[in-house]
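# A closer look at the structure
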Amino acid sequence: MAGYRRSVPEGDTVFLAGKRLHAALAGKLLLRGELRHPRWAEYDLAGLTVTGVKSVGKHLFTRFDDGTSLHSHFRMDGSWHLYKPGMRWRRPDHEARAVLGVEERVAVGFALHDLELLPTDDEDRLVGHLGPDLLDPAWDDEMAAEALRRFTSRPDHEVGLVLLEQRVMAGVGNLYKTEACFLLGVSPWTKVRDLAEPAEVITLSRKLLLANADRPEQTTTGSTRMGEAHWVFERGGRECRRCGTRILTANQGDGVYARIAYWCPHCQPGPAPAPMPRPSRRRTGPGSRRY
């Protein structure tokens, strides 16, 4: 069964969804193949066989034996759930955009605003612009070097913003951007050119994603206990786990790309804007991504 958080998902969320969908659907004949999206509603996928499900950064491709792929992107509130036939769905029926049913499982894609049926050979049209996928099973030194090249090609940009740029490397969202900056001891507003070891950014980002790629909980501290999963993410106004300084928050980025940044001014020295007013305390825990 799948749960969801109302925030843009990290690459490990999509990776885990793809892995579990692949296990449930690959090699199986579709007994139900509904696309409840205005653009694709006339298509019925029943009768096709799923050849595989693959994630690329934050994109997901479900591939069929007729040479087509169903592309989906979670955006803010999308998710794929897995059910046994006949089970009640956890989200409203009207939010379902895709229903793929095989003999023993039903995969339901909810709130998938970005949904497209395309030739499998054309998948690159949607993801060819992305940087190296940090969770690509084929990751090697060449991909790491390419990610570093793209990262350092933006010397005048803020580290926090470049980490979120999927054209540099695919997979990092606001959670891992925030935690990576803390663990590296730099302000999110530090310029790329001012990093002593920019390669560490690539290595650490991949390490954090890999650590959570095969489990529903997302932790950067090593603990999955309630309220202990993160160093600074969503902990504005609380004490830093390392030094006790109050964690600050401020917006980073413009318009639809703006995200709340969290940082400890003692552990992460460097440039920073005026912080937001201190937020009220609320309990938070590790993100749940059950499928």
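In this report, the structure presented in the accompanying data block is examined. (Residues numbered from 1 in each chain as written. Predicted model: local features only at pLDDT ≥ 70, side-chain atom pairs only at ≥ 80, totals over all residues. Heavy atoms only, no water.)

## Regarding the packing of helix H5 (residues 174-184) against helix H6 (residues 199-212)
Filter applied, for reference: Axis geometry follows a simple rule: fit a line to the C-alpha atoms, using only the stretch in contact for helices, then measure angles between N-to-C directions, giving values from 0 to 180 degrees. Runs of H or I in DSSP of at least four residues are treated as helices and runs of E of at least two as strands, each being numbered from the N terminus. The scheme is simple: roughly parallel for angles under 35 degrees, roughly antiparallel for over 145, roughly perpendicular for 65 to 115, oblique for anything else. Working rule for handedness: look at the near helix, and if it is turned counterclockwise from the far one by less than a right angle, call the crossing left-handed; if clockwise, right-handed. Working rule for contacts: check all heavy atoms of both residues, and any pair within 4.5 Å makes them a contact. Residues are sorted three ways: Asp, Glu, Lys and Arg are charged, Ala, Val, Leu, Ile, Met, Phe, Trp, Tyr, Cys and Pro are nonpolar, and all the rest, Gly among them, are polar.
Interaxial distance between H5 and H6 falls to 10 Å at its minimum, and their mutual angle equals 125°. One finds that H5 runs oblique with respect to H6. Of the two elements, H5 crosses H6, and the hand of that crossing is right-handed. On H6, the residues touching Tyr 176, Ala 180, Leu 183 and Leu 184 of H5 are Glu 200, Val 201, Leu 204, Leu 208, Leu 209 and Asn 212. For the contact of H5 with H6, the residue count by class is eight nonpolar, one polar and one charged.

## Quick look at the sheet that holds strand E4 (residues 68-73)
As a reminder of what qualifies: Any two strands between which DSSP finds at least two bridges are classified as paired.
Taken together, the four strands give an open sheet; going across it, the order is E2-E3-E4-E8, and neighbouring strands pair in antiparallel fashion. Each having just a single partner strand, strand E2 (50-56) and strand E8 (114-119) make up the two edges of the open sheet. Taking the axes of each pair of neighbouring strands and ignoring which way they run, one obtains an average angle of 20° across the sheet. Judged from the six bridges that link them, E4 and E8 form a sheet pairing that is antiparallel. Counted as the bridge partner of Ser 69 is Leu 118 from E8.

## Quick look at the sheet that holds strand E5 (residues 79-83)
Taken together, four strands build an open sheet; the order of strands is E1-E6-E7-E5 and the sheet is antiparallel. With partners counted over all chains shown, the strands left at the sheet margins are strand E1 (32-35) and E5, one partner each. Averaged over neighbouring strand pairs, the angle between their axes works out to 15° when direction is ignored. Pairing analysis gives five bridges linking strand E6 (residues 96-101) to strand E7 (residues 106-110), with the strands arranged antiparallel. In the strand pairing of E7, Ala 96 is matched with Phe 110. Together, E5, E6 and E7 form the strand contacts of helix H1 (residues 11-25), whose direction differs from that of E5 by roughly 35°.

## Here we look at H1
This is how it is decided: An expected span of 1.5 Å times one less than the residue number is assigned to each helix. A 1.4 Å probe rolled over the protein chains alone gives each residue an accessible area, and that area as a share of the maximum for its type sets the label: buried under 20%, exposed over 50%, partly exposed in between.
Compared with the 21 Å implied by 1.5 Å per residue over 15 residues, the 21 Å span of H1 between its first and last C-alpha is a close match. Those residues of H1 that fall on the buried side of the exposure criterion are Gly 11, Asp 12, Thr 13, Val 14, Phe 15, Leu 16, Ala 17, Gly 18, Leu 21, Ala 24 and Leu 25. Directly beyond the C-terminal end of H1, a positive phi value near 80° is found at Gly 27.

## Some remarks on the pattern of salt bridges
When charged atoms on two side chains of opposite charge get close, those side chains can pair. Spelled out, the test is: Take a side-chain nitrogen of Lys or Arg and a carboxyl oxygen of Asp or Glu: if they are within 4 Å of each other, that pair is a salt bridge.
Counted under the stated rule, the structure contains eleven salt bridges. Of the charged contacts, one joins Asp 214 and Lys 19 as a salt bridge, the two residues approaching to 2.7 Å between their closest N and O atoms. Linking Asp 214 in the loop between H6 and strand E9 (248-252) with Lys 19 in helix H1, this pair joins segments that are 195 residues apart in sequence. On the basis of relative accessibility, which here comes to 49%, the residue Asp 214 falls in the partly exposed class. Residue class for Lys 19 comes out partly exposed when judged on its relative accessible area of 44%. When salt bridges that share partners are traced, they join Arg 32, Glu 34, Arg 36 and Asp 93 into one network.

## A word on the nonpolar core
One recurring pattern in soluble globular proteins is that nonpolar side chains are buried together. Short version of the rule: Nine residue types can take part in a nonpolar core, namely buried Ala, Val, Leu, Ile, Met, Phe, Trp, Tyr and Cys, and a core is a set of them joined through side-chain atoms within 4.5 Å.
Core analysis: the biggest nonpolar cluster contains 35 residues, and Leu 134, Phe 151, Val 159, Leu 163, Met 169, Phe 182 and Ile 202 have the highest contact counts within it. Look past the residues within four positions of Leu 134 in its chain and what remains in contact with it is Trp 139, Met 169, Ala 170, Val 172, Ile 202, Ser 205, Arg 206 and Leu 209. Judged by nonpolar contacts, the second largest core, of 25 residues, contains Leu 21, Ala 24, Leu 48 and Val 50.

## A short note on the packing of aromatic side chains
Defined as follows: Only centres within 6.5 Å qualify two rings of Phe, Tyr or Trp (six-membered ring in Trp) as a pair; their planes then separate them into stacked at under 30 degrees, edge-to-face at over 60, and tilted for everything else.
Going through the model one piece at a time under the given rule, you end up with six aromatic pairs. Ring centres 5.7 Å apart and planes at 55° place the aromatic pair Trp 40 and Tyr 43 in the tilted group. The exposure class assigned to Trp 40 is buried, which follows from its relative accessible area of 7%. A relative accessible area of 38% means that Tyr 43 is categorised as partly exposed. Measuring from ring centre to ring centre gives 5.6 Å for Phe 233 and Tyr 262, while their planes differ by 70°; the resulting arrangement is edge-to-face. Here Tyr 262 lies in strand E10 (residues 259-263) and Phe 233 lies in the loop between H6 and E9, a separation of 29 residues in the sequence. Here the two residues Phe 233 and Tyr 262 agree in accessibility, since each one is buried. Every member of this aromatic cluster is reached through a ring pair, and the members are Tyr 83, Trp 89 and Phe 110.

## Some details on the environment of Leu 16
Structurally, the position occupied by Leu 16 is in helix H1. On a C-alpha basis, the gap between Leu 16 and Ala 274 in space is 37 Å, while along the polypeptide they are 258 residues apart.

## What about the packing of helix H3 (residues 141-152) against H6?
Think of two packed helices as two axes; the pair is described by the angle between the axes and how far apart they sit. Across the interface, H3 lies against H6 with an axial gap of 9 Å and an inter-helix angle of 125°. In terms of orientation, H3 lies oblique with respect to H6. As H3 packs across H6, the resulting crossing turns out to be right-handed. Across the interface between the two elements, Ala 144, Ala 147, Leu 148 and Phe 151 of H3 pack against Ala 199, Val 201 and Ile 202 of H6. Residue composition of the contact of H3 with H6, by class: seven nonpolar, no polar and no charged.

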